[in-house]
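Secondary and tertiary structure notes
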Amino acid sequence: MYDLTGFQRDLLYVIAGEDEPHGLAIKEELEQYYEKEIHHGRLYPNLDTLVDKGLVEKGRRDRRTNFYTLTRRGRRELEARREWETQYVEL
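Residues numbered from 1 in each chain as written. Predicted model: local features only at pLDDT ≥ 70, side-chain atom pairs only at ≥ 80, totals over all residues. Heavy atoms only, no water.

**Some remarks on unusual backbone geometry**
A positive phi angle, close to 50°, is found at Glu 20, a residue other than glycine. Position of Glu 20 relative to the elements: it lies in the loop between α1 (6-17) and α2 (23-34). Positive phi, close to 60°, is recorded for Glu 35, a residue that is not glycine. Along the chain, Glu 35 turns up in the loop between α2 and α3 (40-52). (Helix = DSSP H or I, 4+ residues; strand = E, 2+ residues; numbered from the N terminus.)

**Considering the pairing of strand β2 (residues 66-70)**
By the bridge criterion, five bridges tie strand β1 (residues 56-60) to β2 in an arrangement that is antiparallel. Bridge assignment links Gly 59 to a residue of β2, and that residue is Phe 67. Count of turn residues in the β1/β2 antiparallel hairpin: five residues. (Pairing = 2+ DSSP bridges.)

Rendered as structure tokens:
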């Protein structure tokens, strides 16, 4: 996780929190969080990076729509990140 950007980590969290979200659903979630428009040119290359790193799998819902899920490795990375964060921040 140390080599991911903050945006890529946020993508992982959104994907983990949804059931096979498609790109537009991920985009809308992040736009709510960031309070600004997320352009396709930013979203999809970062999703592809997460797929290339083996953290996310991309599936095909139909000819025009892909969906995304965390891999086992992606889930482990999020869990490790959460453990690391809690040693510094306790709420």
